[in-house]
Amino acid sequence: MARIRRARLHLIRRGLFYSLGLCVVILLLGGIGFWWLEPGIRSLQDGLWLAFTTAATVGYGDLVPRTHVGRAFSVVVVLLGLAVLSLVTASLAALFVEQEVEEEEHQIERDLMREIHALRRQVELLHERLDRNQQGSSHP
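Treat the numbers as computed from the prediction; the structure is a model and nothing was measured. (Residues numbered from 1 in each chain as written. Predicted model: local features only at pLDDT ≥ 70, side-chain atom pairs only at ≥ 80, totals over all residues. Heavy atoms only, no water.)

Take unusual backbone geometry next. A positive phi is found at Thr57, a non-glycine position, where the angle reads about 55 degrees. The topology assignment puts Thr57 in the loop between helix 2 (44-55) and helix 3 (68-138). (Helix = DSSP H or I, 4+ residues; strand = E, 2+ residues; numbered from the N terminus.)

Here is the structure:
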């Protein structure tokens, strides 16, 4: 059971790292794309900033795509950014939920073990009574 929990937590963490990596790749490619496509973007740093504000749908307005190609590219960045940022958020949420679920599972396990021990004790007492009754009835 503990091995399954560790494997599940490992998968969740791996998913978080993969989605963060994908987020960085999309932002980097978006920054390079804006730097290459938009004449008003003079540095890679500005392209990265525009990619981030576009992907996060913040849109501060300090840098904006002005060409039709740049605007079409920003639609792609927004769609990819929303998808990947949603994955990051979901992976983080899964980490927190997994920890809560694990605590609840531990509590359920402890409760079940307590119940099993109580039932085992009741069965032992019943066997003892049965043995006493059988011994009492076999001796006249």
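Per the counting criterion, the structure on display carries two salt bridges. The salt bridge involving Glu124 is made with Arg121; its shortest N-O contact spans 3.2 Å. Of this pair, Glu124 and Arg121 both sit in helix 3, separated by three residues, roughly a single helical turn. Overall, Arg121 belongs to the partly exposed group, its relative accessible area being 43%. (Salt bridge = Lys/Arg side-chain N within 4 Å of Asp/Glu carboxyl O. Buried < 20%, exposed > 50% of the residue type's maximum accessible area, 1.4 Å probe, protein only.)

With that out of the way, let us pick up the nonpolar core. Counting residues in hydrophobic clusters, the biggest one holds eight residues: Leu9, Ile12, Leu16, Cys23, Ile26, Val84, Val88 and Leu95. Counting only elements with at least two residues in this core, the list comes to helix 1 (2-37) and helix 3. In terms of residues, this core owes the most to one element, helix 1, which gives five residues. Once residues lying within four places of it in the same chain are set aside, the contact partners of Cys23 are Val84, Leu85 and Val88. Of all hydrophobic cores here, the second largest spans seven residues; its members include Phe34, Ile41, Leu50 and Val77. (Core = buried A, V, L, I, M, F, W, Y, C linked by side-chain atoms within 4.5 Å. Contact = heavy atoms within 4.5 Å.)

Looking now at the environment of Ser43. With respect to the helices and strands, Ser43 occurs in the loop between helix 1 and helix 2. Here Asp46 takes part through its backbone nitrogen, which lies 3.1 Å from a polar atom of the side chain of Ser43. (Polar contact = N/O pair within 3.5 Å; in protein donor to acceptor, adjacent residues only side chain to side chain.)

With the rule as written, the count across this model stands at three aromatic pairs. Through successive ring pairs, a cluster of aromatic residues spans Trp49, Phe52 and Tyr60. (Phe/Tyr/Trp six-rings, centres within 6.5 Å; stacked < 30°, edge-to-face > 60°.)

Our focus in this paragraph is the environment of Leu9. One can find Leu9 in helix 1. Its relative accessible area of 16% is what places Leu9 among the buried residues. Through-space distance from the C-alpha of Leu9 to that of Gln99 is 8.6 Å; in sequence the pair is 90 residues apart. Setting aside chain neighbours within four positions, we find Leu9 in contact with Leu95 and Glu98.

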